[in-house]
Amino acid sequence: MSKKVTIIGSGFSGLSAACYLAKQGCEVTILEKHDSVGGRARQFTSDGFTYDMGPSWYWMPDIFDKFFADFGKKVSDYYVIERLTPSYRIIYKDGPLDIPSNIDELYLMFENIETGSAAKLKKFLKEAEYKYNIGMHDLVYKPGLSLTEFLNMRFFRGIFKLDVFNSIASHIRKSFTNPKLIQLLEFPVLFLGALPKNTPALYSLMNYSDMIGGTWYPKGGMISVVNGMHKLALELGVKFELNVDVNKINIIENKAIEVVSKNKNANFDVLVSSADYNFTEQKLLDKKYRNYSANYWETRKLAPSSLIFYIGVNKKLPNLLHHTLFFDEDFDLHSHEIYTDPKWPTNPLIYLSCTSQTDNNVAPEGCENLMVLIPIAPNLKDDKATNDKYFDMVISRIEKQIGVSFKDNISFRRDFATSDFIKDYNSFKGNAYGLANTLSQTAIFKPKLINKKISNLFYTGQLTVPGPGVPPCLISGELVAQQVVKYFNKK
Ligand SMILES: Cc1cc2nc3c(=O)[nH]c(=O)nc-3n(C[C@H](O)[C@H](O)[C@H](O)COP(=O)(O)OP(=O)(O)OC[C@H]3O[C@@H](n4cnc5c(N)ncnc54)[C@H](O)[C@@H]3O)c2cc1C
């Protein structure tokens, strides 16, 4: 029987699905609108500076290990990772704090900031370890199609230990009172998805992943992971067709039979879309075939969008690490302006990635490549004047905090804003990381992997299970591949 599968999109979820399906003997072709693979994790080089366009934090290395092991391979067969130490720097209102990668040094750091907090952190991380083990090894590997998937699971038995019904904000405050420690523990959920008070305490598994799992750097940048997966896919026989921008899915008798683009029409037995879920349904499918209405999407809570500046500086900068978080402005106000009262932030928190601090190959000698990211509410209108205002603001802030001026040493700048997320990735309201991680948008409450009306149409990626982030997208590709295999087996 023919098992021809077409996948729209070559981000992490599309690459992952392609590898798993090719391993199952499917004839897989990926159609990608861009001229290179990787989606949000593409890389570009200009004026001698190299930038990962999206993800930069390599967390949960065990998930990457498992992915490659599923194909009888090791991560080190494709790329090299090194643990960053210190993990990252946070610049608070009263100065910088380096977050040690060594756990004993981290306990000491906590104790120095708040007496008694080291023991509390130990207990907090023990609980987080339990959540990580159940969350990342059981919960996220469920397709989220029905509640029955969870009935016999450790998850269901240990639901109270998993803290699904408490918020992470109150969970953290039960153990810690110092605002710096609270911010340190809250930032992973805040940056990736929702207000800590609306995020289940289950997500303290992110703290386990940060503090125990560690922050790693794939040499060459996150693109090395993309390249590794691309290479594996090619080895498994996956075909890639770049510069193919799909603009219609044709259906006959409740079966997807063809995708249409300007320069290519393709036929298949099964279609998997790893493009933005909302876009696939609302723009590529006729209304009667959609899983969800426009109103459904309007009522979803989205994770933030971002305003990003890729900057080349023709001198070395002191007092920066590979990852630096600027929490020198009001945390609550910025959170409020992202999630509660969406508007351009008054004085945003900033994330700065400078991979040239650890990698000599990403900037000309004596220079730095900066990627500055401001999390913002989705769907804000951006324009050059707004970008310029924030550019000036963040450069001044960084100059002040590191004690060096470099505005006149900027030799390269590229901006990437909400409108670019929409243009480049067909992203719903310009979201950068999909849906917010709230309880009502977790697991079975996420948009489903399968189309309920068209039996051979499937979805994968950050808007479906298990959610946003590179490791979840690897898992999403595996989950959708299992559903496709089930479909073929039923025939
Ligand atoms: C700025 C930023 C920073 C991030 N930081 C981190 C981080 O540090 N760590 C982490 O783990 N995660 C991070 N994330 C999240 C993570 O990058 C994403 O969740 C993940 O890469 C999404 O993968 P995906 O396959 O779902 O989607 P995408 O990467 O968007 O892939 C979808 C693909 O579909 C293609 N496509 C879309 N429409 C069409 C069409 N009509 N025809 C053909 N092709 C089409 C797109 O071009 C794209 O290649 C970050 C994301 C962003 C944006």
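Residue positions within a chain follow its written sequence, with the count starting from 1. Given that the model is predicted, a residue must reach a pLDDT of at least 70 before its local features are reported, and side-chain atom pairs must reach 80 or more before they are shown or counted; all residues, however, enter totals for whole chains, interfaces and linings.

## Things to note about the overall build of the protein
Secondary structure counts use DSSP, requiring at least four H or I residues in a row for a helix and at least two E residues in a row for a strand, with both numbered from the N terminus. Secondary structure assignment for the protein yields 15 helices and 19 strands. Based on C-alpha atoms, the radius of gyration is set beside the globule rule, defined as 2.2 Å times the residue count to the power 0.38. Taking 491 residues into account, the globule formula puts the C-alpha radius of gyration at 23 Å, and the protein, at 22 Å, falls close to it. Two residues qualify as a contact pair if the distance between their C-beta atoms, derived from the backbone, is within 7 Å. In the protein, the share of contacts with a sequence separation of at least 24, taken over all contacts with a separation of at least 6, comes to 72%.

## Focus on helix 14 (residues 418-425)
Think of it as a crowd count around each C-beta: if 20 or more other C-beta atoms lie within 10 Å the residue is buried, if 12 or fewer it is exposed, and in between it is partly exposed, with C-beta placed from the backbone throughout. When we look at burial in helix 14, the residues that qualify are Thr-418, Phe-421 and Tyr-425. Down the axis of helix 14, the buried set is contained in an arc of 65 degrees. They therefore lie on one face. Residue Asn-426 follows helix 14 closely and has a positive phi angle near 55 degrees. For this quantity, the arc is that covered by the directions from the helix axis to the C-beta atoms.

## A closer look at the domain arrangement of the protein
As assigned here, the protein comprises domain 1 (4-80 + 220-300 + 436-490), domain 2 (102-213) and domain 3 (301-425). Counting residues per element, the side of domain 1 that touches domain 2 draws most heavily on helix 15 (residues 470-490), which supplies five residues. For this classification, Asp, Glu, Lys and Arg are treated as charged, while Ala, Val, Leu, Ile, Met, Phe, Trp, Tyr, Cys and Pro are nonpolar and the rest, including Gly, are polar. Its residues placed into classes, the side of domain 1 that touches domain 2 shows 15 nonpolar, five polar and two charged. These domain limits were set by an automatic method or by a database of domain assignments.

## A look at the nonpolar core
Generally speaking, a soluble globular protein has its nonpolar side chains buried in company with each other. Membership of the largest hydrophobic core comes to 149 residues, with the highest contact counts inside it found for Ala-18, Leu-21 and Val-372. Excluding anything up to four places from it in sequence, Ala-18 contacts Ile-7, Val-28, Ile-30, Ala-233 and Val-238. By convention in this section, buried Ala, Val, Leu, Ile, Met, Phe, Trp, Tyr and Cys residues joined through C-beta atoms within 7 Å make up a nonpolar core.

## Observations regarding the site of the ligand
What surrounds the ligand is a group of 36 residues, the closest being Gly-9, Gly-11, Gly-39, Pro-55 and Gly-461. Elements with a minimum of two residues in the shell around the ligand: helix 1 (12-23), strand 14 (305-313) and helix 15. When residues of the shell around the ligand are sorted by domain, at least three fall in each of domain 1 (4-80 + 220-300 + 436-490) and domain 3 (301-425). Each residue receives a C-beta atom placed from its backbone. It is near a molecule or strand if this atom lies within 6 Å of it.

## Points about unusual backbone geometry
Following Thr-85, the chain continues into Pro-86 via a peptide bond in cis, with omega recorded as -5 degrees. Relative to the assigned elements, Pro-86 resides in the loop between strand 5 (81-83) and strand 6 (88-92). Unlike most non-glycine residues, Asn-379 shows phi in positive territory, near 70 degrees. With respect to the helices and strands, Asn-379 occurs in the loop between strand 17 (368-376) and helix 13 (384-402). By C-beta crowding, Asn-379 is classed as partly exposed, having 14 other C-beta atoms within 10 Å.

## Considering the sheet that holds strand 2 (residues 27-31)
Taken in spatial order, the five strands of this open sheet run 9-2-1-13-19, and their pairing is parallel. The open sheet is flanked by strand 9 (239-241) and strand 19 (457-459), the only strands paired with a single partner. Here the strands of the sheet are splayed against their neighbours by 20 degrees on average, with no regard to which way each runs. Judged from the four bridges that link them, strand 1 (residues 4-8) and strand 13 (residues 270-273) form a sheet pairing that is parallel. Bridged to Ile-8 within strand 13 is Ser-273. Where helix 1 meets the sheet, it contacts strand 1, strand 2 and strand 13, and its direction lies at approximately 165 degrees from that of strand 2. Lines fitted to C-alpha atoms define the axes, with helix axes restricted to the stretch in contact, and inter-axis angles between N-to-C directions lie between 0 and 180 degrees. Along the sheet, helix 15 contacts strand 1, strand 13 and strand 19; its crossing angle with strand 13, the most-contacted strand, is approximately 165 degrees. A pair of strands is treated as paired once DSSP finds two or more bridges between them.

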